[in-house]
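Spelled out, the chains give:
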Amino acid sequence: MDINDPVTVFTLHDPMRAEVIKNFLKSEGIRCRLDGANAGTTLGLNFNEIGVVVQASDAERARGLIDTHEAHKGKDRPDGGPDHLDD
(Lines give C-alpha, C1' and ligand atoms only; values in the text may rest on other atoms or scores of the structure.)
Protein backbone atom coordinates (compact mmCIF):
# COMPACT_ATOMS: atom_id res chain seq x y z
CA MET A 1 0.00 0.00 0.00
CA ASP A 2 1.27 3.45 -0.93
CA ILE A 3 1.34 6.15 1.77
CA ASN A 4 -1.02 8.27 -0.35
CA ASP A 5 -3.63 5.53 -0.84
CA PRO A 6 -7.04 6.33 0.64
CA VAL A 7 -7.96 4.38 3.78
CA THR A 8 -11.34 4.32 5.55
CA VAL A 9 -10.59 4.76 9.25
CA PHE A 10 -14.13 5.05 10.65
CA THR A 11 -17.69 4.45 9.53
CA LEU A 12 -20.97 5.83 10.80
CA HIS A 13 -24.50 6.79 9.70
CA ASP A 14 -24.85 10.31 11.15
CA PRO A 15 -23.86 12.95 8.55
CA MET A 16 -23.60 15.77 11.10
CA ARG A 17 -21.32 13.73 13.36
CA ALA A 18 -19.28 12.72 10.30
CA GLU A 19 -18.73 16.41 9.48
CA VAL A 20 -17.63 17.07 13.06
CA ILE A 21 -15.11 14.23 12.90
CA LYS A 22 -13.87 15.41 9.49
CA ASN A 23 -13.38 18.96 10.76
CA PHE A 24 -11.67 17.68 13.92
CA LEU A 25 -9.19 15.65 11.89
CA LYS A 26 -8.56 18.62 9.60
CA SER A 27 -7.89 20.79 12.67
CA GLU A 28 -5.26 18.22 13.66
CA GLY A 29 -3.59 18.57 10.25
CA ILE A 30 -5.03 15.40 8.72
CA ARG A 31 -6.51 15.69 5.22
CA CYS A 32 -9.82 13.90 5.20
CA ARG A 33 -12.92 13.30 3.12
CA LEU A 34 -16.28 11.64 3.65
CA ASP A 35 -17.50 8.89 1.33
CA GLY A 36 -21.27 8.42 1.12
CA ALA A 37 -22.19 11.50 3.16
CA ASN A 38 -24.64 12.82 0.56
CA ALA A 39 -26.21 9.56 -0.55
CA GLY A 40 -29.63 8.69 0.80
CA THR A 41 -29.99 11.58 3.23
CA THR A 42 -33.55 12.28 4.34
CA LEU A 43 -34.42 14.72 7.12
CA GLY A 44 -30.85 14.59 8.40
CA LEU A 45 -30.86 10.80 8.57
CA ASN A 46 -28.51 8.78 6.43
CA PHE A 47 -29.42 5.19 5.79
CA ASN A 48 -26.12 4.59 4.04
CA GLU A 49 -22.78 4.12 5.68
CA ILE A 50 -20.45 7.14 5.69
CA GLY A 51 -16.74 6.44 5.55
CA VAL A 52 -14.13 8.79 7.02
CA VAL A 53 -11.24 8.51 4.57
CA VAL A 54 -7.64 9.68 5.07
CA GLN A 55 -4.31 8.99 3.39
CA ALA A 56 -2.64 5.74 4.49
CA SER A 57 0.21 7.74 6.03
CA ASP A 58 -2.27 9.39 8.44
CA ALA A 59 -4.50 6.37 9.12
CA GLU A 60 -2.98 5.23 12.42
CA ARG A 61 -2.97 8.75 13.89
CA ALA A 62 -6.51 9.44 12.66
CA ARG A 63 -7.80 6.20 14.22
CA GLY A 64 -6.12 7.11 17.50
CA LEU A 65 -7.68 10.57 17.55
CA ILE A 66 -11.13 9.19 16.74
CA ASP A 67 -10.77 6.39 19.33
CA THR A 68 -9.80 8.90 22.00
CA HIS A 69 -12.79 11.07 21.11
CA GLU A 70 -15.19 8.13 21.16
CA ALA A 71 -13.87 6.98 24.54
CA HIS A 72 -14.48 10.46 25.99
CA LYS A 73 -17.71 11.28 24.18
CA GLY A 74 -20.05 13.10 26.51
CA LYS A 75 -17.31 13.52 29.11
CA ASP A 76 -14.71 16.17 29.71
CA ARG A 77 -11.47 15.80 27.80
CA PRO A 78 -8.49 14.39 29.67
CA ASP A 79 -7.07 17.93 29.92
CA GLY A 80 -10.18 19.07 31.81
CA GLY A 81 -11.78 21.02 28.96
CA PRO A 82 -15.22 20.31 27.55
CA ASP A 83 -15.56 17.74 24.80
CA HIS A 84 -15.48 20.11 21.82
CA LEU A 85 -16.66 17.46 19.36
CA ASP A 86 -20.02 17.22 21.10
CA ASP A 87 -20.81 20.93 20.69
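Look above for the structure.
Here's a quick rundown of the structure.

Parameters at a glance
Residues numbered from 1 in each chain as written. Predicted model: local features only at pLDDT ≥ 70, side-chain atom pairs only at ≥ 80, totals over all residues. Heavy atoms only, no water. Helix = DSSP H or I, 4+ residues; strand = E, 2+ residues; numbered from the N terminus. Expected span 1.5 Å × (residues − 1). Buried < 20%, exposed > 50% of the residue type's maximum accessible area, 1.4 Å probe, protein only. Polar contact = N/O pair within 3.5 Å; in protein donor to acceptor, adjacent residues only side chain to side chain. Salt bridge = Lys/Arg side-chain N within 4 Å of Asp/Glu carboxyl O. Pairing = 2+ DSSP bridges. Axes fitted to C-alpha atoms, helices over the stretch in contact; angles between N-to-C directions. Parallel < 35°, antiparallel > 145°, perpendicular 65-115°, else oblique. Left-handed = near helix turned anticlockwise from the far one by under 90°. Contact = heavy atoms within 4.5 Å. Nonpolar A, V, L, I, M, F, W, Y, C, P; charged D, E, K, R; others polar.

1. Things to note about helix α1 (residues 15–27)
In a regular helix each residue adds 1.5 Å, so 13 residues correspond to 18 Å; α1 covers 18 Å between its end C-alpha atoms and thus fits that length. For α1, the complete set of buried residues consists of Pro15, Ala18, Ile21, Lys22, Phe24 and Leu25. N-cap assignment for α1: the residue whose side-chain oxygen lies 3.0 Å from the backbone N of Met16 is Asp14. Just downstream of α1 lies Gly29, where phi reads positive at about 85°.

2. Examining the pattern of salt bridges
Within the structure shown, the criterion is met by three salt bridges. One salt bridge connects Glu19 with Lys22, and the closest N-O pair in it is separated by 3.2 Å. Of this pair, Glu19 and Lys22 both sit in helix α1, three residues apart, which is roughly one turn of the helix. A relative accessible area of 15% places Lys22 in the buried class. Residue Arg33 is joined to Asp35 by a salt bridge in which the shortest nitrogen-to-oxygen separation is 3.0 Å. With a relative accessible area of 41%, Arg33 lands in the partly exposed category. Under the relative-accessibility criterion, Asp35 is labelled partly exposed at 34%.

3. Describing the pairing of strand β2 (residues 32–35)
The side-chain alternation of β2 yields one buried face, formed by Cys32 and Leu34, and one unburied face, formed by Arg33 and Asp35. Bridge count for β2 against strand β5 (residues 50–55) is four bridges, and the pairing is antiparallel. In the strand pairing of β5, Leu34 is matched with Val52.

4. Topic: the packing of α1 against helix α2 (residues 59–72)
Axis separation between α1 and α2 bottoms out at 11 Å; the angle between their running directions is 125°. One element, α1, and the other, α2, form an angle in the oblique class. Of the two possible hands of crossing, α1 and α2 adopt the one that is right-handed. Contacts between α1 and α2 pair Arg17, Ile21, Phe24 and Leu25 from the former with Ala62, Leu65, Ile66 and Glu70 from the latter. Tallied by class, the residues present in the contact of α1 with α2 amount to six nonpolar, no polar and two charged.

That is the geometry; function is a separate question.
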